[in-house]
Amino acid sequence: MPDLAAIVADIAAEMAAAPDRGTPASYIPPLAAVDPARFGIAIVEADGTVHAAGDADMPFSIQSVSKVFALTLALGAVGDQLWKRVGREPSGSAFNSIVQLETEHGIPRNPFLNAGAIVVSDILLGRHEPREAIGEMLRFVRNLAGDDGIFIDEAVARAEQETGFRNIALANYMRAFGNLHHPAERVLGVYFHHCALAMSCRQLALAGRYLMAGGRNPDTGGSVVSARRARRINALMLTCGHYDGSGEFAFRVGLPGKSGVGGGILAVAPGIASIAVWSPGLNERGNSQLGTLALERLVHRTGWSVF
Ligand code: DON
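None of the values given here were measured: they were computed from a predicted structure. Within each chain, residues carry numbers counting from 1 in the order of the written sequence. With the structure being a predicted model, the display of local features is reserved for residues of pLDDT at least 70 and the display and counting of side-chain atom pairs for 80 or more, all residues being used for whole-chain, interface and lining totals.

### Concerning the domain arrangement of the protein
For the purposes of this description, domain bounds are those given by an automatic or database domain assignment. One can read the domain layout of the protein as domain 1 (4–60 + 200–302) and domain 2 (64–195). On a C-alpha basis, the centres of domain 1 and domain 2 stand 21 Å from each other. A residue pair is marked as a contact if its C-beta atoms, positioned from the backbone, fall within 7 Å. Of the residues lining the interface, 30 residues belong to domain 1; the matching set on domain 2 comes to 29 residues. For the side of domain 1 that touches domain 2, the elements supplying multiple residues, two or more each, are α2 (29–32), α10 (201–207), α12 (227–240), β6 (257–259) and β7 (264–269). Numbering of helices and strands runs from the N terminus, with a helix taken as a DSSP run of H or I at least four residues long and a strand as a DSSP run of E at least two residues long.

Printed below as a string of structure tokens:
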């Protein structure tokens, strides 16, 4: 095993000095206020050893990274029926795009686009009240990470509720095609709240362990998902986890990864490690600039690319 303690320390030092840090998201007002100088990294090895550096214990808004956990729960609720309502192809368009929905009958290309994750939230809502579905998500990630300190940042959820006009449009547009079964505002209540989960890199890397470990939660030994489902979720992260930047991420990093506009990325080296990085500045595709660079350097030094 490479000297991971030295590697994470080196990467954090390199990222602290990086001149080009990208720009924090501004369309969700509280995210624009986060200091772009922040950088954190945490790696959990298969045996549970954690290596962390930089701001690895500072909570940040995980945003779209939550779509991985939401998909996992929704697959648990309805199984492969989910794929009747959401596709499994990369879109080549932006995370919040509406264009493909018109010609594709309101079926989003994949569960990581905003439209796809809104359908997933509709499934999570099921017969519940929004607050029950939100509570279930929170319990799920706390359980995965083995950490009850994880919380939902209500100010971020509220800001999205007030400014998320594109998401409101996406939800209503899909409802017109019959692909949303509940009123848009109830579904979006679930969606905005899971996007507003606040987690540190350490908590996020711990929560992602089941994806490295064939679907098992190493704390309990219990199965979160089957090994086959874990492989499939990883495949979707690799092909769709960075939206129209997914090809570039696979080219540079070569790991399944899911980004969020809060600047976090969860990456999985199957069988080897669960990795979380965070830096709020984004590149032009809305993915963390330094988070991607840090993962590229990590893979370069460890040889962990899946290819
Ligand atoms: O719906 C939104 O726009 C945000 N809650 C999540 C978007 C996001 O994280 C895209 N990822 N890079």
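### Concerning the UniProt feature "binding site: substrate" (unreviewed entry) in the protein
Residues given the UniProt feature "binding site: substrate" (unreviewed entry) here are Ser64, Asn114, Glu160, Asn167, Tyr191, Tyr243 and Val261. Of note, Glu160 is situated in helix α7 (residues 154–163). Burial is judged by counting the other C-beta atoms within 10 Å of a residue's own C-beta: 20 or more makes it buried, 12 or fewer makes it exposed, and any count in between marks it as partly exposed, with every C-beta position built from the backbone. A residue is classified by how many C-beta atoms lie within 10 Å of it, and Glu160, with 22 of them, is buried. Discounting residues that sit within four places of it in the chain, Glu160 has contacts with Ile28, Phe192 and Cys195. Here Asn167 is to be found in helix α8 (residues 165–176). UniProt positions are given in the numbering used here, feature names are shortened, and annotations may be inferred rather than shown by experiment.

### Considerations on the pairing of strand β2 (residues 50–54)
Burial analysis of β2 places 4 of its 5 residues in the buried class, the great majority of the element. Sheet topology note: the strand β1 (residues 40–45)/β2 ladder contains 5 bridges and is antiparallel. Bridging across to β2, Ile43 finds its partner in His51. Linkage of β1 to β2, two consecutive antiparallel strands, is achieved through a turn of 4 residues, within which Gly48 is found at a positive phi near 95°. Paired strands, as defined in this entry, are two strands with at least two bridges between them according to DSSP.

### Considerations on the site of the ligand
Any residue whose backbone-placed C-beta atom lies within 6 Å of a molecule or strand is treated as near that molecule or strand. Close to the ligand lie 13 residues; Gln63, Ser64, Cys195, Gly260 and Val261 are nearest. When its residues are assigned to classes, the shell around the ligand shows 3 nonpolar, 9 polar and 1 charged. Looking at which domains feed residues into the shell around the ligand, each of domain 1 (4–60 + 200–302) and domain 2 (64–195) supplies at least three. In this count, Pro and Cys sit with the nonpolar residues alongside Ala, Val, Leu, Ile, Met, Phe, Trp and Tyr, while Asp, Glu, Lys and Arg are called charged and the others, Gly among them, polar.

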